[in-house]
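# Tertiary structure, described
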Amino acid sequence: MSAGTYAPRPSAAPLPRMIAAQTALETRMLLRNGEQLLLTVIIPTLLLVLFSAVDIVDTGSGESVDFLTPGILALAVMSTAFTGQAIATGFERRYGVLKRLAASPLPRWGLMTAKTLAVLVTEVLQVVLLTVIAFALGWSPHGNPFAVLLLLVLGTAAFSGLGLLMAGTLKAEATLAAANLVFLLLLVGGGVIVPLDKFPDAVQSVLGLLPIAALSDGLRDVLQHGAAMPWGDLGILAVWAVLGLGAAARFFRWE
């Protein structure tokens with residue numbers, strides 16, 4: 001008597017399918033959250049439109065939108081990869097969601113991969129929206145698209161590592177406060193809207209080492225000034241990415 005074949009077969013789904021399903025879930029959660037929507041879409045859009053239409057900040061020669069758009073794109077990356085991810089992951093950790101997901105067939109590295117992919121999907125939507133608005137405002141970009149893509153990827157890695165490090169080491173309430181505070185401080189002092197050359201020389205040298213400043217300046221060098229490859233800014237972002245992701249992997253607590 002031969003053994004029969006039974007269906008369905010009770011086993012875990014293939015790893016790529018699990019990661020894809022978790023990515024879709026994480027993306028929906030990001031886009032449905034009102035606070036995340038405010039950070040990722042509404043604030044960058046309003047800042048781009050307001051400062052492009054009203055001459056509030058001296059952005060130097062040329063059209064304001066040409067200076068502002070690269071900085072707003074950098075802000076969008078930071079809002080999603082750092083602020084939004086830190087807050088969401090911090091509260092998932094507090095409520096035990098991460099602990100339960102860690103016990104599922106999806107490995108922990110697969111969960112972090114899904115979160116990173118969800119951030120990338122959200123960023124693509126942000127970049128498309130902001131680009132359309134910038135073109136409507138008269139934006140005239142230049143430069144190498146591959147350099148822009150490399151800057152955005154390294155910026156995402158840097159901010160994602162820092163966001164996960166904060167979410168995995170601080171309490172949820174502290175993460176909420178700290179992430180929003182950092183967002184506001186870097187918005188003002190990261191070269192997003194106010195050019196770094198408006199700050200004192202001693203301060204400029206420090207601010208220029210921040211990931212938001214490197215991402216803003218790198219995108220601006222390429223898209224506004226037509227630079228081929230901003231190696232200095234790419235190097236700064238690469239260092240932040242290695243340090244942030246390495247520290248997050250080392251110190252992240254799941255409960």
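Described below are features of the structure shown in this document. Because the structure is predicted, anything quoted here is derived from the model rather than measured.

The rules behind these values
Residues numbered from 1 in each chain as written. Predicted model: local features only at pLDDT ≥ 70, side-chain atom pairs only at ≥ 80, totals over all residues. Heavy atoms only, no water. Helix = DSSP H or I, 4+ residues; strand = E, 2+ residues; numbered from the N terminus. Salt bridge = Lys/Arg side-chain N within 4 Å of Asp/Glu carboxyl O. Phe/Tyr/Trp six-rings, centres within 6.5 Å; stacked < 30°, edge-to-face > 60°.

What follows deals with the environment of Leu125. Mapping Leu125 onto the fold places it in helix H5 (residues 108-136). For the pair formed by Leu125 and Phe252, sequence separation is 127 residues and the distance between their alpha carbons is 28 Å.

Note that Val54 resides in the loop between helix H2 (34-53) and helix H3 (64-94). In this structure the C-alpha to C-alpha distance between Val54 and Gly143, which are 89 residues apart in sequence, comes to 26 Å.

Summed over the entire model, instances satisfying the criterion amount to four salt bridges. Between Arg94 and Glu173 there is a salt bridge, with the nearest N and O atoms lying 2.4 Å from each other. On the criterion of sequence distance, the pair formed by Arg94 in helix H3 and Glu173 in helix H7 (residues 172-189) is long-range, its members being 79 residues apart. Where salt bridges share partners, they join Glu26, Glu92 and Lys115 into one cluster.

In this section: the packing of aromatic side chains. Where two aromatic rings form a pair, the distance of their centres and the angle of their planes describe that pair. All told, the structure shown has three aromatic pairs when counted by the stated rule. Relative to Trp254, the ring of Phe252 has its centre 5.3 Å away and its plane inclined at 70°; by these criteria the two rings are edge-to-face.

The next thing to look at is the environment of Tyr95. With respect to the element layout, Tyr95 can be found in the loop between H3 and helix H4 (97-102). When the C-alpha atoms of Tyr95 and Ala172 are compared, they prove to be 9.4 Å apart, with 77 residues separating the residues in sequence.

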